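Secondary and tertiary structure notes
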Amino acid sequence: PGRAVYGLRHVCHANDFQSIQTLLVIDALFRSENIEERKKYVELVESVKNTGGQAFVFSSLNVSGEQLACMGGLAAILRFPVVDIDDMDNDDDDDDESDESDGS
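For the structure given in this document, a descriptive report is provided here. (Residues numbered from 1 in each chain as written. Predicted model: local features only at pLDDT ≥ 70, side-chain atom pairs only at ≥ 80, totals over all residues. Heavy atoms only, no water.)

**Examining the overall build of the protein chain**
Regarding its fold elements, the protein chain presents four helices and four strands. Starting at the N terminus and ending at the C terminus, the protein chain contains elements arranged as β-α-β-α-β-α-β-α. Among the 104 residues that make up the protein chain, the fraction classed as buried is 28%. Restricting to contacts in the protein chain with at least 6 residues of sequence separation, those with at least 24 account for 81%. (Helix = DSSP H or I, 4+ residues; strand = E, 2+ residues; numbered from the N terminus. Buried < 20%, exposed > 50% of the residue type's maximum accessible area, 1.4 Å probe, protein only. Contact = heavy atoms within 4.5 Å.)

Here's what the structure looks like:
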């Protein structure tokens, strides 16, 4: 597994393991009309800071922010690698298949 993740699902997964050293976020996520969505990103930033990480907010109007927006507006550099959430989903699928074959 790598030491960088991007997109909400993967970043939140890494945050569950307190592995985020640096969080990169575009400012547009904090300007959503949906209050619950804004709250989710504020809580994520606070969580990263509370576990000793740093958070940087990029303007969506500059080149760096535009590039970050192409990756879902959210990315993280990790302290240590975590198991990829997609790999975990695949492992669950494999377990289901082996359970079905055991019943025959």
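Read on for the rest.
**Section: the packing of helix 1 (residues 8-16) against helix 2 (residues 35-50)**
Close contact between helix 1 and helix 2 brings their axes to 11 Å; oriented N to C, the two are set at 35 degrees. Crossing handedness for the pair helix 1 and helix 2: left-handed. Where helix 1 abuts helix 2, its residues Leu 8, Val 11 and Asn 15 lie against Lys 40, Tyr 41, Leu 44, Ser 47 and Val 48. Its residues assigned to classes, the contact of helix 1 with helix 2 comprises five nonpolar, two polar and one charged. (Axes fitted to C-alpha atoms, helices over the stretch in contact; angles between N-to-C directions. Left-handed = near helix turned anticlockwise from the far one by under 90°. Nonpolar A, V, L, I, M, F, W, Y, C, P; charged D, E, K, R; others polar.)

**Thoughts on the layout of surface pockets**
Approximately 170 Å³ is the volume attributed to the largest pocket. Around the largest pocket sit twelve residues that line it, and Gly 2, Ala 4, Val 5, His 10 and Asp 84 are the ones nearest its centre. Put simply, the parts of the chain that give the lining of the largest pocket at least two residues each are strand 1 (4-6) and helix 1. A breakdown of the residues in the lining of the largest pocket according to their chemical character gives eight nonpolar, three polar and one charged. (1 Å grid on protein atoms, 1.4 Å probe; cavity = no way out; pocket = protein on both sides within 12 Å on 5 of 7 lines; lining within 4 Å. Points joined across faces, edges and corners; volume = space filled by probe spheres on them.)

**Thoughts on helix 1**
Regarding helix 1, the residues found buried are Val 11, His 13, Ala 14 and Asn 15. Note on helix 1: the residue one or two positions beyond its end, Gln 18, has a positive phi of about 55 degrees.

**Remarks on the environment of Thr 22**
Here Thr 22 is to be found in strand 2 (residues 20-26). Judged by relative accessible area, which is 12%, Thr 22 ranks as buried. Here Thr 22 is in contact with Gln 54, Phe 56, Ala 75, Ala 76 and Ile 77, once residues within four sequence places are set aside.

**Thoughts on helix 2**
Along an α-helix, residues three or four positions apart point the same way, because every turn accommodates 3.6 residues. When the terminal C-alpha atoms of helix 2 are compared, their 22 Å separation across 16 residues agrees well with the 22 Å that a helix rising 1.5 Å per residue should span. Structurally, helix 2 contributes buried residues whose contacts are with helix 1, strand 2, strand 3 (54-58) and strand 4 (74-78). Structurally, the start of helix 2 carries an N-cap: the backbone nitrogen of Glu 36 is 2.9 Å from a side-chain oxygen of Asn 34. Just beyond helix 2, the residue with positive phi is Gly 52, at close to 90 degrees. (Expected span 1.5 Å × (residues − 1). Polar contact = N/O pair within 3.5 Å; in protein donor to acceptor, adjacent residues only side chain to side chain.)

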